[in-house]
Protein chains: 2
Amino acid sequence: MNKFINPEKELWSQLLERPVFKSTEIKPKVQAILDAVQNNGDKALKEFTEKFDGLKLDSVKVTDAEFNEALEIIDDDLKAAINVAAINIEHFHSVQLPKVVRTETTKGVTCWQKAVPIQRVGLYIPGGTAPLFSSVLMLAIPARIAQCPEVVLCTPADKTGKVNPAILFVAKLTGVQCVYKIGGAQAIGAMAFGTESIKKVDKIFGPGNQYVTTAKQMVASKGIAIDMPAGPSEVMVVVDENTPAAFAASDLLSQAEHGIDSQVILLAPNKEKMAEIEAETIKQLALLPRRDIAQKALENSRFIVFSNTNDAVTFMNMYAPEHLILALDNPEDWANQVKQAGSVFLGNYTPESAGDYASGTNHTLPTNGYANAYSGVNMDSFMKKITFQQITPQGLQNIGPAIEIMAKAERLDAHKNAVTLRLKSLE
Amino acid sequence: MNKFINPEKELWSQLLERPVFKSTEIKPKVQAILDAVQNNGDKALKEFTEKFDGLKLDSVKVTDAEFNEALEIIDDDLKAAINVAAINIEHFHSVQLPKVVRTETTKGVTCWQKAVPIQRVGLYIPGGTAPLFSSVLMLAIPARIAQCPEVVLCTPADKTGKVNPAILFVAKLTGVQCVYKIGGAQAIGAMAFGTESIKKVDKIFGPGNQYVTTAKQMVASKGIAIDMPAGPSEVMVVVDENTPAAFAASDLLSQAEHGIDSQVILLAPNKEKMAEIEAETIKQLALLPRRDIAQKALENSRFIVFSNTNDAVTFMNMYAPEHLILALDNPEDWANQVKQAGSVFLGNYTPESAGDYASGTNHTLPTNGYANAYSGVNMDSFMKKITFQQITPQGLQNIGPAIEIMAKAERLDAHKNAVTLRLKSLE
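Parameters at a glance
Residues numbered from 1 in each chain as written. Chains lettered and ligands numbered in written order. Predicted model: local features only at pLDDT ≥ 70, side-chain atom pairs only at ≥ 80, totals over all residues. Heavy atoms only, no water. Phe/Tyr/Trp six-rings, centres within 6.5 Å; stacked < 30°, edge-to-face > 60°. Helix = DSSP H or I, 4+ residues; strand = E, 2+ residues; numbered from the N terminus. Buried < 20%, exposed > 50% of the residue type's maximum accessible area, 1.4 Å probe, protein only. Contact = heavy atoms within 4.5 Å. Salt bridge = Lys/Arg side-chain N within 4 Å of Asp/Glu carboxyl O. Polar contact = N/O pair within 3.5 Å; in protein donor to acceptor, adjacent residues only side chain to side chain. Nonpolar A, V, L, I, M, F, W, Y, C, P; charged D, E, K, R; others polar. Expected span 1.5 Å × (residues − 1). Bend = angle between axes of the 7 residues up to and from the residue. Pairing = 2+ DSSP bridges. Axes fitted to C-alpha atoms, helices over the stretch in contact; angles between N-to-C directions.

Caption draft 1: Seen up close, the packing of aromatic side chains. All names here are of chain A. Counted under the stated rule, the structure contains 16 aromatic pairs over all chains. Consider the rings of Phe 205 and Phe 382, whose centres lie 4.3 Å apart with planes at 10°: the pair is stacked. Of this pair, Phe 205 sits in strand β7 (residues 203–205) while Phe 382 sits in the loop between α15 (352–357) and β14 (383–391), placing them 177 residues apart in sequence. Neither residue differs from the other here; Phe 205 and Phe 382 are each classed as buried.

Rendered as structure tokens:
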């Protein structure tokens, strides 16, 4: 743990730094994969799947029989837990569904904004040791509430050709129409450009390794929409004198276990509290199955004492944490001052893992300081807001002269003319 | 004009194509500019301003004296017109301001989403022959409604060092804090990375030439937020038997005069109507000051007859027009079927130029088919949506077991532990 007591402001920029996410080296590799998928379609997908996943695929699409098999494997306990989460996620996102707001800006000039679902949505879910079925809930449920007509999912299969059953269970539960056994940058290429088996989508969502996130960034630079730029996950935990050290330590560790590049930041009011939480963190760490990963992440971590609350609030906003835990007696005071964060957890009984799984909020959040300008995934992510307007002849008489003057001042005579000849027709 | 009568579906992909926007050649040049600004700050800005704009700058910032001078130059008529527009834009955007929605997803689990202003916003406004002061209205007004604390603007000055007075008038009116006399890719670099004079911003908005839009795309790939990807402007006009040909022609031309790469598409119900509008377009074109530009843009244009309304609706949605004019007797029927568009204009007295200037809707819209996944600039563009949650001990007892089961199934034991030790403390 790197520890700091009331660091000087000159040191802050260093303390606000994130672990560096180098994509330069892998860019040419990812570009080659994307090009091959764009040019050779399914053939390239099958070649890459054999090369990277050690799997010879006949067909890329998960069959009904495979879905049925998966549904039988899943424990009833896990099914029930997933249902609890799904109901809360559905509830929270449904109330955020944007409504049409119609207004008459000038008599006869009616304008409105309407959110319309994105038509084709592609989800990427990583495979590997930790099957992130919770991310399927977080992406497919809002897509369904938004009424996106087509939702597909790419995820790698294991060496025997099987997709993790929990992922298939959740995909079925949430109305995902097709699951394809494709992983990595090749999956992003398939959804971005389309192949014989996989239709091009309008927007790509979901977490992934550096190949996947680099591929998303590269297709985004060609105008294909993605959920948000990616970076390693992070948490900031703010404590006061009364925060139970064990709770704070468990929150720091639940972020640290994500990956060796995860970053955890503790803001404490004094040295004693910091030392107490440090001791508890070391104690809990020893018992974790993923302790090697968490240990490495803790090496990137910072435990900071701010005696001055204003400094702590300023630092919190400058860091713009993905997850912000306000483990305080009066978390509301702090919450009202949050200007930049992904998701905020108030009080001592609100661990980050509640938001990761089951409270209802989304866990797809801006990392790496992107919370300065990006929102986490929410209903807006699955919809476009389209404006509409209808003007009556009288309405055009009301605003037409202003349009004519402004268009003329911008030297756009045809713009002016579109109004002038309509106004003349009304004389 | 390229004309098509009930084109076969095989031809559609060709008819849906946009003018190609080549950024490959200028990328290295833009990269060099961005690098120089990042490394040398104000010094680079002054060098590029001398080189590209023929202007030796002492200071990059517009002074109070320059603002005052500009305010005196502007005609009262133009001031009044701008005020009409500003009031409507303020009205329309204010009613779209997102509200906090708070909900209890499970007893004891309270979650809410709050929109928080982006802290530092940078606007780019091109200089040149057509001073786009209307874009200042469209960007600075919603930024002010969102309560973004810092809003700055970059725009090139002329060879005598003066910024267009209408741009300065609107900047003052809408609360822009600083205007900098910097144009081109160097302005984007300055706002993205910061220099001695210009503070780094969180998000960059505004139109520009290919250098500017390429620079925006390049900084976006480094995670700096931008309003949306850019492409040439476009309109689709849908007419019926009763649409006055002169109105339709004027709308087509008001798009065509924007630039030689603008695209205008007419969908007509029969050959006779198409011919009538074509004749009227040619007639009006001859009278336009910007007829050479509009003429070239018309060469990229497509006049298409669809006898079958369903085909026309499908084609309209596949094209995903930036501007969609439904110059129809019953525009509502069509409007309800719009799935992909930037802004939609209903009826014969709702020209695009109303939305460009004064009806109240935003004119910063997704072009190039990006309306499939992107919204035009709206209140969301200036805010991040942050989620919050607060869970009571009882709330954690309600959802905790589900979290424990899911975390275990994802093999994230520290996530489980954060719940387990809190639940144990309540026993």
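Caption draft 2: Quick look at the interface of chain B and chain A. With 119 residues of chain B in contact, the opposing surface of chain A contributes 119 residues. Between Lys385(B) and Asp380(A) there is a salt bridge, with its nearest N and O atoms 2.7 Å apart. Our count for the chain B to chain A interface comes out at 64 residue pairs in polar contact (both at pLDDT 80 or more). For the side of chain B that touches chain A, the leading source of residues is helix α5 (residues 76–95) of chain B, giving 10 residues. Of the residues assigned to the side of chain B that touches chain A, the class counts are 61 nonpolar, 38 polar and 20 charged.

Caption draft 3: Fine view of helix α16 (residues 393–409) of chain A. All names here are of chain A. Helix length check: α16 (17 residues) gives 24 Å between terminal C-alpha atoms against 24 Å at 1.5 Å per residue, within 8%. Within α16, the axis deviates most sharply at Ile 399, by approximately 45°, and proline Pro 401 lies no more than four positions further along. Listed as buried for α16 are Gly 395, Leu 396, Ile 399, Gly 400, Ala 402, Ile 403, Glu 404, Met 406 and Ala 407. Of the residues flanking the end of α16, it is Arg 411, one or two places downstream, whose phi is positive at about 60°.

Caption draft 4: Expanded view of the sheet that holds strand β12 (residues 323–327) of chain A. Read from one edge to the other, the open sheet built from nine strands follows the order β1(A)-β11(A)-β10(A)-β9(A)-β12(A)-β13(A)-β14(B)-β3(B)-β2(B), with strand pairing classed as mixed. Across the chains shown, the open sheet's two edge strands, defined by having one partner strand only, are β1 (2–5) of chain A together with β2 (101–106) of chain B. Neighbour-to-neighbour, the strand axes of this sheet turn through a mean angle of 20°, independent of strand direction. Bridging between β2(B) and strand β3 (residues 109–117) of chain B involves five bridges; their strand directions are antiparallel. Along β3(B), the bridge assignment pairs Glu104(B) with Thr110(B). Against the sheet, helix α5 (residues 76–95) of chain A touches β2, β3 and β14 (383–391) of chain B, its axis set at about 165° to β2(B).

Caption draft 5: Spotlight on the pairing of strand β13 (residues 343–346) of chain B. Of the two faces of β13(B), the one carrying Ser343(B) and Phe345(B) and the one carrying Val344(B) and Leu346(B) are both buried. Bridge count for β14(A) against β13(B) is four bridges, and the pairing is parallel. Across the sheet, residue Thr387(A) finds its bridge partner in β13(B), namely Ser343(B). Summarising the sheet, strand β12 (residues 323–327) of chain B and β13(B) pair through four bridges and their orientation is parallel. The residue bridging Leu324(B) from the neighbouring strand is Val344(B), located in β13(B).

Caption draft 6: Main features of the side chain of Asn378(B). Here Asn378(B) shows up in the loop between α15 (352–357) and β14. Assessed through its relative accessible area of 6%, Asn378(B) is described here as buried. A polar side-chain atom of Asn378(B) sits 2.9 Å from the main-chain carbonyl oxygen of Gly376(B). A polar contact is formed between the side chain of Asn378(B) and the backbone nitrogen of Asp380(B), at a distance of 2.8 Å. Each residue touching Asn378(B), except ones within four places of it in the same chain, is listed here: Gln113(A) and Lys385(A).

Caption draft 7: Region of the structure containing helix α8 (residues 184–193) of chain B. Residue and element names in this part refer to chain B. Most of α8 sits inside the fold, with 10 of its 10 residues counted as buried. On its buried face, α8 is in contact with α2 (27–40), α3 (42–53), β4 (120–124), β5 (150–154), β7 (203–205) and α9 (210–220). Taken from the residues just after α8, Gly 194 is the one with a positive phi, measuring 85°.

Caption draft 8: Fine view of the side chain of Thr364(A). All names here are of chain A. In this structure, Thr 364 sits in the loop between α15 and β14. Owing to a relative accessible area of 12%, Thr 364 belongs among the buried residues under this scheme. Those residues in contact with Thr 364 that sit more than four places away from it in its chain are Met 138, Leu 139, Asp 227, Met 228, Gly 376 and Val 377.

Caption draft 9: Geometry of the sheet that holds strand β1 (residues 2–5) of chain B. Read from one edge of the open sheet, nine strands run β2(A)-β3(A)-β14(A)-β13(B)-β12(B)-β9(B)-β10(B)-β11(B)-β1(B), paired in mixed fashion. Both outer strands of the open sheet, β2 (101–106) of chain A together with β1 of chain B, are each paired with one neighbouring strand and no more. Averaged over all pairs of adjacent strands, the angle between their axes in this sheet comes to 20°, without regard to strand direction. Contacts from α5(B) reach β2, β3 (109–117) and β14 of chain A within the one sheet, and its direction differs from that of β2(A) by about 165°. The sheet contacts of helix α10 (residues 245–256) of chain B involve β9 (234–239), β10 (263–268), β11 (302–305) and β12 of chain B, and relative to β9(B) the element is tilted by about 170°.

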